[in-house]
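Descriptive structure summary
Read off the chains here:
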Amino acid sequence: MANKDLRSFLKTAKEAGEVVEINKPFSTNFEIPAVISKAEEEKKYPALIFNNVKESDMPVVTNVFATRKRLAIALGCEEANLNAHYRVCEDKRIKPVLVDNGPVQEVVLTGDDVDLTKLPIIKHNEKDAGPYITCGAGVVKDPETGCRNIGVYRHELYGKNKIGIHMAEVSHVNYIYGKYAAKGKKMPIAITIGHHPAFYLGVLSFVPVGVDEYEVAGGLLGEPLELVKCKTVDLEVPAFAEIVLEGYIEPGELQMEAPFGEFTTCYGKAHEYPVVTVTAITMRKKPLYLDCLSGHIDHMLLGGTGRLSVIYKTIRLACPTVKDVFMPPSGCCRLVCYVSIKKRHEGEAKNIIGAVFASDPFVKYVVVVDDDVNIYDDSAVIRAIATRLHPEENAFMIKNAKGHPLDPTAYNGYVVTKIGIDATKPLKGFPDTVSVPGSEDIDLDELLGK
Ligand SMILES: Cc1cc2nc3c(=O)[nH]c(=O)nc-3n(C[C@H](O)[C@H](O)[C@H](O)COP(=O)(O)O)c2cc1C
Ligand SMILES: [Mn+2]
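The paragraphs below set out a description of the structure included in this document. (Residues numbered from 1 in each chain as written. Chains lettered and ligands numbered in written order. Predicted model: local features only at pLDDT ≥ 70, side-chain atom pairs only at ≥ 80, totals over all residues. Heavy atoms only, no water.)

1. Overview of the coordination of the manganese ion (ligand 2)
Filter applied, for reference: Counted as donors are the N, O and S atoms within 2.8 Å of the metal, or 3.2 Å for Na, K and Ca, while water is not among the atoms, so some sites may look incomplete. Think of it this way: any DSSP run of H or I at least four residues long counts as a helix, any run of E at least two long counts as a strand, and we number them from the N terminus. Working definition: with a 1.4 Å probe on protein chains only, accessible area under 20% of the residue-type maximum means buried, over 50% means exposed, and in between means partly exposed.
Donor atoms from the polypeptide that coordinate the manganese ion (ligand 2) comprise N149 (OD1), H172 (ND1) and E213 (OE), at 2.1 to 2.2 Å from the metal. Here the donor residues for the manganese ion (ligand 2) map to a single chain with the spacing N-x22-H-x40-E. Here N149, found in strand β8 (residues 148-152), pairs with E213, found in helix α7 (residues 213-221); they are 64 residues apart in sequence, far enough to count as distant. Judged by its relative accessible area of 3%, E213 is buried.

2. Looking at a nonpolar patch on the surface
This is how the line gets drawn: Each patch groups residues whose relative accessible area exceeds 30% and which form no salt bridge, using 9 Å between like charges and 5 Å between nonpolar side chains of Val, Leu, Ile, Met, Phe, Trp and Tyr. We get accessible surface area from the Shrake-Rupley algorithm with a probe of 1.4 Å; when it comes to residues, only the shown protein chains can shield them. Within this document, salt bridges are pairs made up of a side-chain nitrogen of Lys or Arg and a carboxyl oxygen of Asp or Glu, the two lying within 4 Å of each other.
On the surface, a nonpolar cluster with roughly 440 Å² of combined accessible area is contributed by I442, L444, L447 and L448. Looking at I442, the relative accessible area reads 48%, which means it is partly exposed.

3. A look at the pattern of salt bridges
Considering all chains together, one arrives at 27 salt bridges under this definition. Measuring nitrogen to oxygen at the nearest pair gives 2.9 Å for the salt bridge that ties K179 to E144. With K179 in helix α5 (residues 172-182) and E144 in the loop between β7 (136-141) and β8, the pair connects residues that are 35 residues apart, well separated along the chain. A salt bridge links R388 to D372, with the nearest nitrogen and oxygen atoms 2.9 Å apart. With R388 in helix α10 (residues 378-388) and D372 in the loop between β21 (365-370) and α10, this pair connects stretches of sequence that are 16 residues apart. When its relative accessible area of 46% is taken as the criterion, D372 is described as partly exposed.

4. Quick look at the sheet that holds strand β22 (residues 395-402)
To be explicit about the condition: DSSP calls a pair of strands paired once it identifies at least 2 bridges connecting them. Throughout, an axis means a line fitted to C-alpha atoms (over the contacting stretch in the case of helices), and angles, computed between N-to-C directions, take values from 0 to 180 degrees. Any two residues having at least one pair of non-hydrogen atoms within 4.5 Å are treated as being in contact.
Strand order in this open sheet of 5 strands is β19-β20-β21-β23-β22, and the pairing throughout is mixed. At either margin of the open sheet sits one strand with a lone partner, and together these are β19 (322-326) and β22. Direction aside, the axes of adjacent strands within the sheet are offset by 15° on average. In this sheet, strand β23 (residues 415-422) lies alongside β22 in antiparallel orientation, the contact comprising 6 bridges. Across the sheet, residue M397 finds its bridge partner in β23, namely I419. Each of β20 (336-341), β21, β22 and β23 touches helix α9 (residues 348-359); the most contacted strand, β23, lies at about 150° to it.

5. Structural notes on the packing of helix α4 (residues 82-90) against helix α8 (residues 297-318)
Short version of the rule: Here the angle decides the label: under 35 degrees means roughly parallel, over 145 means roughly antiparallel, 65 to 115 means roughly perpendicular, and every other value means oblique. Under the grouping applied here, Gly and all other residues not named as nonpolar or charged are polar, the nonpolar ones being Ala, Val, Leu, Ile, Met, Phe, Trp, Tyr, Cys and Pro and the charged ones Asp, Glu, Lys and Arg.
Contact pair α4 / α8: the axes reach a minimum separation of 9 Å and the direction vectors enclose 80°. What the angle tells us is that α4 and α8 run roughly perpendicular. Contacts between α4 and α8 involve L82, N83, Y86, R87 and E90 on the former and, on the latter, T305, G306, L308, S309, Y312 and K313. In terms of residue class, the contact of α4 with α8 is built from 4 nonpolar, 4 polar and 3 charged.

6. Focus: α8
In an α-helix, one turn spans 3.6 residues, which is why side chains three or four residues apart end up on the same side. Rules: Helices are assigned an expected span. That span is 1.5 Å times one less than the residue count. Fitting one axis to the seven residues ending at a residue and another to the seven starting there, the bend at that residue is the angle between the two axes.
Taking 1.5 Å per residue, 22 residues should reach 32 Å; α8 reaches 31 Å between its end C-alpha atoms and fits that length. Largest kink in α8: about 30°, centred on G304. Burial analysis of α8 places 17 of its 22 residues in the buried class, which makes it a mostly covered element.

7. A look at the pairing of β21
Condition: Handedness is read with the strands pointing away from the viewer; a crossover is right-handed when the path from the first strand over the helix to the second is clockwise.
Among the 6 residues of β21, 5 are classified as buried, and the element is accordingly described as predominantly covered. Of the pairings in the sheet, the one linking β20 to β21 comprises 6 bridges and is parallel in character. The residue of β21 that forms the bridge with S340 is V369. Remark: the β20/α9/β21 crossover connection has right-handed handedness. Relative to β23, β21 runs parallel, the two sharing 4 bridges. By the bridge assignment, V368 is partnered in β23 with D422.

8. Topic: helix α2 (residues 31-41)
Stated precisely, the cut-off is as follows: It is the directions from the helix axis to the C-beta atoms whose arc is reported.
Buried within α2 are the following residues: I32, P33, I36, A39 and E40. End-on view of α2: buried residues confined to an arc of 120°, all on one side of the axis. In α2, the exposed residues that point more than 90 degrees away from the buried face are K38 and E41. After α2 finishes, the residue K43 shows a positive phi value of roughly 60°.

Have a look at this one:
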């Protein structure tokens with residue numbers, strides 16, 4: 001079998017000119033994220049491989065998810081088709097297969113040999129509480145149904161065999177952990193660090209509890225995920241991962257977690273969360289350590305892409321002529337949602353706004369525009385608001401709605417004010433938009449040079 005993994009992706013992405021390898025030494029202590037942050041200021045977003053990491057033998061791979069073009073390469077489609085392709089693959093559900101062994105268990109470290117400080121765990125933003133693992137896909141099992149659940153949860157480094165786990169109240173892992181805690185039982189967990197981006201996009205899909213996200217990952221990879229049994233816990237992990245941390249969470253063992261640079265580009269406050277005791281590190285002989293730069297575009301796009309699928313599918317209930325949905329990086333890929341529609345009836349944009357708020361509680365502003373507006377271009381959406389919106393009639397506010405607890409404007413935990421904007425033209429009597437005939441036939445390269 002072909003077995004897609006992080007290495008196969010990096011090879012493809014490199015051939016497409018999407019990867020830069022850096023051989024100069026850089027530190028995990030801010031220096032690696034500083035390179036990304038500086039590049040972002042210049043609107044450059046390459047995937048990066050740091051071959052020479054001051055604190056570790058392992059190379060660091062980062063910024064992989066920072067462009068939609070690379071996410072499209074990962075899924076084997078054109079960038080313009082990324083959302084539609086994701087929606088189709090998400091529904092394919094390919095069951096994983098269990099195999100006897102895999103590269104991720106070439107090295108098995110247990111007992112005193114477990115030393116997480118040997119991993120190049122990165123300190124990202126200035127006020128982060130410590131170094132954080134940001135690309136760990138954690139698998140747990142529902143103790144009642146036996147169903148697997150996978151999601152990406154951040155892990156603060158606490159010690160040689162101790163890490164935190166941030167389990168947001170909305171995440172299924174929090175609900176499943178509650179079942180173990182109620183019985184006073186330890187919850188086994190295994191955390192995959194480093195796999196193909198399609199694997200991450202799959203496990204991050206917005207599916208109901210009871211759906212095994214490894215099956216969704218199979219659909220996005222286009223092949224069954226090969227799994228191996230863990231060495232110290234009763235769980236399964238991808239055979240072609242780079243690194244896996246096995247361990248358990250003891251109910252009642254809590255530690256302060258955060259502040260941490262969130263996808264909102266602000267720091268989130270510290271709270272008490274459970275602690276993971278790591279019982280084994282398994283890995284390849286020369287593993288790549290995958291990181292995702294939190295609070296930056298890498299993090300925003302990775303988490304935001306799958307959410308677009310659910311929003312689109314819900315809107316389709318209200319409007320069959322929805323063209324596309326996008327949550328722009330300017331709105332942190334969560335808080336602002338643009339929808340383009342081929343409008344058929346007056347008022348339908350308002351129903352769509354309701355559908356968006358219903359499908360994703362994190363969205364705070366919805367803007368609906370006509371299908372001639374490019375929703376991947378913020379300025380085109382702003383122009384539609386500027387020229388087509390009658391605010392008194394077509395903008396409305398919902399006070400005291402449930403939003404995202406990390407929204408810096410949230411009060412009482414997660415309560416926010418939401419705004420819906422219908423910036424579509426009236427069906428009749430609105431002036432045409434200017435256009436110059438023949439401009440599409442002009443060869444600018446010939447006239448102005450490249
Ligand atoms: C880079 C990144 C970091 C994330 N960190 C967390 C986290 O610390 N805690 C959390 O609950 N969700 C986090 N998420 C979101 C969850 O991974 C996502 O909501 C997932 O669908 C949860 O899966 P579950 O509901 O099956 O548990 C993160 C997402 C990304 C992309
Ligand atoms: Mn889940």
